[in-house]
Amino acid sequence: MVEPRVLPIPTGLQAPGTAASPFEAVASFDELPPGTLLRITRGDLDVLLAHTEAGLLATDDRCPHMSAPLSQGVLEGCVVGCPLHAGRFDLCTGETVRFPTTGGLDPEGGYHSTWQPPDRPAKPETADAKAQARAATRVRRLRYYPLRIRAGRIEVAFPRP
Ligand code: FES
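Just so it is clear, the structure is predicted and the values come from calculations on it, not from any experiment.

Draft legend 1. A look at the pairing of strand β3 (residues 45–52). The element β3 is extensively covered by neighbouring structure, given that 8 of its 8 residues are classed as buried. The two faces of β3 match: Leu 45, Val 47, Leu 49 and His 51 on one face and Asp 46, Leu 48, Ala 50 and Thr 52 on the other face are all buried. Between the end of strand β2 (residues 37–42) and the start of β3, which pair antiparallel, lie 2 residues, with Gly 43 showing a positive phi angle near 60°. The pairing of β3 with strand β4 (residues 55–60) spans 6 bridges and is antiparallel. Bridged to Thr 52 within β4 is Gly 55.

See below:
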């Protein structure tokens, strides 16, 4: 397999505590063919390795909405679809492409209302405690881990404890 490109981390989105961390081999790049996602775990940290159309990257294996494992989503190009609330996130830029069905706050605090796919009936917005919690849930920004390839192995820098 041709050695894949490693994507640069989007500006301002490197995970805290990783700037001076040592790299650790986590997988062979043969384990991550183009278009695939792979979860790796260190302690209580789940990291998503993605082989997007633009190259390899490492980010949290937690949806930036309600922490669902993005490794169980579907990758199309650079965009991963979350299996829980249909949110779609561009892994190459860190941007939200489609807001989750539950609505809520974007990283800047802007409010997004709930929505339903066209094949499902629209849900009325309610004012109960669960609805209020959904409306106040912020989709945060993805955080990225430094990644490199050495001797056919994918290496990632994890945060220092
Ligand atoms: S947990 Fe991913 S869109 Fe809600």
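There is more to say, and it comes next.
Draft legend 2. Region of the structure containing unusual backbone geometry. At Ser 67, a position not held by glycine, the phi torsion is positive, near 70°. Inspection of the secondary structure assignment puts Ser 67 in the loop between β4 and β5 (74–76). Under the relative-accessibility criterion, Ser 67 is labelled partly exposed at 31%. A positive phi angle, near 65°, is found at Ala 86, a position not held by glycine. With respect to the element layout, Ala 86 can be found in the loop between β6 (79–81) and β7 (88–90).

Draft legend 3. Structural detail: the sheet that holds strand β1 (residues 23–28). Taken together, the 3 strands give an open sheet; going across it, the order is β1-β12-β11, and neighbouring strands pair in antiparallel fashion. A single partner strand is all that each edge strand has here, and the edge strands are β1 and β11 (147–150). In this sheet, adjacent strand axes meet at a mean angle of 35° when their direction is disregarded. Here β1 runs beside strand β12 (residues 153–157); their pairing, made up of 5 bridges, is antiparallel. Paired with Glu 24 across the strands is Val 156, a residue of β12.

Draft legend 4. Fine view of the state of the cysteines. The full count for this structure, using the stated rule, is 1 disulfide. At a sulfur-sulfur separation of 2.0 Å, the disulfide partner of Cys 78 is Cys 92. Measuring handedness by torsion sign, the sulfur bridge of Cys 78 and Cys 92 sits at about -75° and is left-handed. With a gap of 14 residues between them, Cys 78 in the loop between β5 and β6 and Cys 92 in the loop between β7 and β8 (96–98) connect regions that are remote in the sequence. Relative accessible area serves as the criterion here: at 10%, Cys 78 is assigned to the buried category. Under the relative-accessibility criterion, Cys 92 is labelled buried at 18%.

Draft legend 5. Just the sheet that holds β3, in detail. An order of β2-β3-β4 is seen for the 3 strands of this open sheet, with the pairing classed as antiparallel. Two strands close off the open sheet at either side, each with one partner strand: β2 and β4. This sheet shows a mean twist of 25° between the axes of neighbouring strands, independent of strand direction.

Draft legend 6. View of the pairing of β2. Of the strand pairs in this sheet, β2 and β3 are connected by 6 bridges, and their pairing is antiparallel. Counted as the bridge partner of Leu 38 is Leu 49 from β3.

Draft legend 7. Main features of the side chain of Thr 101. Among the structural elements, Thr 101 can be located in the loop between β8 and β9 (104–105). Excluding anything up to four places from it in sequence, Thr 101 contacts His 85, Ala 86, Thr 114, Trp 115 and Pro 117.

Draft legend 8. Seen up close, the nonpolar core. Grouped together as the largest cluster of nonpolar side chains are 20 residues, with contacts concentrated most on Leu 37, Leu 70, Val 80, Phe 89 and Leu 91. With sequence-adjacent residues up to four places away left out, Phe 89 is seen in contact with Cys 63, Pro 64, Cys 78, Val 79, Val 80, Cys 82, Glu 95, Thr 96, Val 97, Val 139 and Leu 142.

How each quantity is defined
- Each chain has its residues counted from 1, following the order in which its sequence is written.
- It should be noted that, the model being predicted, local features are given only for residues of pLDDT at least 70 and side-chain atom pairs only at 80 or more, the latter also being counted only at that level, while totals for whole chains, interfaces and linings use all residues.
- Calculated side-chain values reflect all of the structure's heavy atoms, with hydrogen atoms and water omitted.
- Note on classification: 1.4 Å probe, protein chains only; a residue is buried when its accessible area is under 20% of the maximum for its type, exposed when over 50%, partly exposed between these limits.
- Only DSSP runs of H or I with at least four residues qualify as helices, and only runs of E with at least two residues qualify as strands; both kinds are numbered from the N terminus onward.
- Two strands pair if DSSP finds at least two bridges between them.
- Note on geometry: axes are C-alpha line fits, over the in-contact stretch for helices, and angles between N-to-C directions span 0 to 180 degrees.
- When the sulfur atoms of two cysteines come within 2.5 Å, that pair is taken as a disulfide.
- Between two residues, a contact is recorded if the distance between any of their heavy atoms is within 4.5 Å.
- Joining through side-chain atoms within 4.5 Å is the link that ties buried Ala, Val, Leu, Ile, Met, Phe, Trp, Tyr and Cys residues into a set, and such a set is a nonpolar core.

On their own, these measurements won't tell you what the molecule is for.
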